[in-house]
Amino acid sequence: MQQRLRSITIAIALIAASAIPAGASPQKNAKPTASKQKSAVLYAARPEALQFADDLAARRDLDREWVRQAIGQAHFLPQVPKLMLPPAKGQAKNWRVYRSRFVEPIRIRAGVRFWQQNQAALERAEREYGVPAEIIVGIIGVETIYGQQMGNFRVMDALATLAFDFPAAHPRAQERTEFFRRELEQFLSLTNRSNTDPFEPRGSYAGAMGLGQFMPSSWVRYAIDFDGDGRVDLFNSPADAIGSVANYFRGHGWTPGMPTHFGVQFDTGRLQLDDLLAPDILPTFSVASMRALGAVLDAAGVQHTGPLALVELQNGGDAPSYVAGTENFYAITRYNWSSYYAMAVIELGREVAAARNGAQ
């Protein structure tokens, strides 16, 4: 299986390197194949899916029958739409519980090993992209436990399911449906031009792939050959994954040397918490404007010259935790739009760094 995935990543890298135009003729011997499953619901029975296939083929100048066959053989995965629904209303968020899922001994030990084995690549990524090694380590640890859990869903099935059966109950159903249709288009375009089987790659239930769980569009934009072997391999090359994560952050506005967040306390006499939380995690306030609304930053935060956001982390029935997030904190949320996720990445990276330093 690993060898097959490696061949896929080689072919995808060759596409990026040679800039094959969208009008390139597809290879007829790269017909998609799907494993036979009794009672599987296939998208060949869905007229709207086949119409999408026809439109995609026309847009990308791909072989119409190849695209129809690929989408038609995709399996509907009934468990996947359920996984996309937000938690039920009334279920309180709990940062301490969320943190405990990711900042825990197994990931920390695996992170130390990963850092030790890939120290040179991490140091070079930090030097060339300005992204600290502990942030990269935190991302890969939260996403896949350093490659231990990269997902076992066929990416083709997952993307087709979310493109054509995204749950209507989701508050952003239309927006997310359009997103996954674009991802399906990117994925099929890549596999077609690489002369590979779109049913081979495995990933998450959302269609993310590799150590850093890149969606197809992120693979196209940010994946790089960081180990210099002439191909991009986010499944088997930790160096490529490290460099690609760093490149992703640079592409999303990471500022070298800037902290991710600062400590904050409240002046209850003039606190206007609703106003402070209104922009959510988008950095909007200056130090002075935060102070005017009753948020008092720590000594390091007072010296910060860029915009800030008040980040609230709920703790179930207990009082929430708060930090002042910088533009670099916001950059981490571009990987996953969640302040809880960003803090887990930051704190896992820090714990791995501390354990590594303690082991030296």
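It should be noted that the structure appears before, not after, this text.
Reference entry: report on the structure contained in this document. These numbers come from a predicted model, not from an experiment.

### Comments concerning the overall build of the protein chain
- A tally of regular secondary structure across the protein chain gives 17 helices and six strands.
- Here the protein chain holds 360 residues, and the buried ones make up 52% of them.
- Carbon and sulfur atoms make up 51% of the accessible area of the protein chain, which amounts to about 16,600 Å² in all.

### So, the sheet that holds strand β6 (residues 318–325)
- Ordered in space as β4-β3-β6-β5, the four strands form an open sheet in which the pairing is antiparallel. Each edge of the open sheet is held by one strand with a lone partner, namely β4 (295–297) and β5 (309–315). Strand-to-strand, the axes of this sheet are offset by a mean angle of 40 degrees, without reference to chain direction.
- Note: β5 against β6, six bridges, orientation antiparallel. Its bridge partner being in β6, L313 is matched across the sheet by S321.
- Along the sheet, helix α5 (residues 95–102) contacts β5 and β6; its crossing angle with β5, the most-contacted strand, is approximately 90 degrees.

### Quick notes on the environment of P78
- Following the sequence through the fold, P78 ends up in the loop between α3 (64–73) and α4 (79–83).
- On the basis of relative accessible area, P78 is assigned to the partly exposed category, the value being 49%.
- On a C-alpha basis, the gap between P78 and T161 in space is 8.1 Å, while along the polypeptide they are 83 residues apart.

### A few points about helix α2 (residues 47–60)
- Relative to the 20 Å expected for 14 residues at 1.5 Å per residue, α2 spans 20 Å between its end C-alpha atoms, a close match to the ideal helical length.
- Among the residues of α2, those classed as buried are A49, L50, F52, A53, D54, L56 and A57.
- Each element contacted by the buried residues of α2 is listed here: α3, α9 (155–164) and α10 (173–193).

### Concerning the nonpolar core
- Residues I71 and F249 are the most contacted members of the largest nonpolar core, which totals 94 residues.
- Broken down by element, the residue count for this core peaks at ten residues, all from helix α17 (residues 339–359).
- Not counting residues up to four positions away in its chain, the partners in contact with I71 are Y43, A49, F52, A53, M156, F164, L184 and L188.
- F262, V264, A295 and L297 belong to the second largest nonpolar core, which has 13 residues in total.

### Quick notes on the packing of aromatic side chains
- In this structure the tally under the stated criterion is 21 aromatic pairs.
- Seen in terms of ring centroids, F179 and F180 are 4.9 Å apart; in terms of plane orientation they differ by 80 degrees. Their pairing is edge-to-face.
- Ring centres of W219 and F235 lie 6.0 Å apart, and the angle between their planes is 45 degrees; on these two criteria the pair is classed as tilted. On the criterion of sequence distance, the pair formed by W219 in helix α11 (residues 216–222) and F235 in the loop between α11 and α12 (238–251) is long-range, its members being 16 residues apart.
- Overall, W219 belongs to the buried group, its relative accessible area being 4%.
- According to the relative accessible area criterion, F235 is buried, its value standing at 5%.
- Taken together, the aromatic side chains of F214, Y222, Y248, F249, W254, Y335 and Y341 make up a single cluster linked through ring pairs.

### Comments concerning the pairing of β5
- For β5, the tally of buried residues reaches five of seven residues, placing the bulk of the element in the interior.
- Hairpin remark: β5 followed by β6, antiparallel, with two residues in the connecting loop; positive phi at G316, about 65 degrees.

### Quick look at the side chain of Q186
- Within the secondary structure layout, Q186 lies in helix α10.
- If near-sequence neighbours (up to four positions away) are discounted, Q186 is found in contact with R60, P216, S217 and V220.

### Some details on the environment of R350
- Looking at the element boundaries, R350 is found in helix α17.
- Take R350: its relative accessible area is 42%, and that puts it in the partly exposed class.
- For R350 and I108, which are 242 residues apart along the polypeptide, the C-alpha to C-alpha distance reads 9.5 Å.
- Filtering out sequence-adjacent residues up to four positions away, R350 remains in contact with E134, T260 and H261.

Each value, and the rule that gives it
Residues numbered from 1 in each chain as written. Predicted model: local features only at pLDDT ≥ 70, side-chain atom pairs only at ≥ 80, totals over all residues. Heavy atoms only, no water. Helix = DSSP H or I, 4+ residues; strand = E, 2+ residues; numbered from the N terminus. Buried < 20%, exposed > 50% of the residue type's maximum accessible area, 1.4 Å probe, protein only. Areas by Shrake-Rupley, 256 points an atom, 1.4 Å probe, with all protein chains shown as cover. Pairing = 2+ DSSP bridges. Axes fitted to C-alpha atoms, helices over the stretch in contact; angles between N-to-C directions. Contact = heavy atoms within 4.5 Å. Expected span 1.5 Å × (residues − 1). Core = buried A, V, L, I, M, F, W, Y, C linked by side-chain atoms within 4.5 Å. Phe/Tyr/Trp six-rings, centres within 6.5 Å; stacked < 30°, edge-to-face > 60°.

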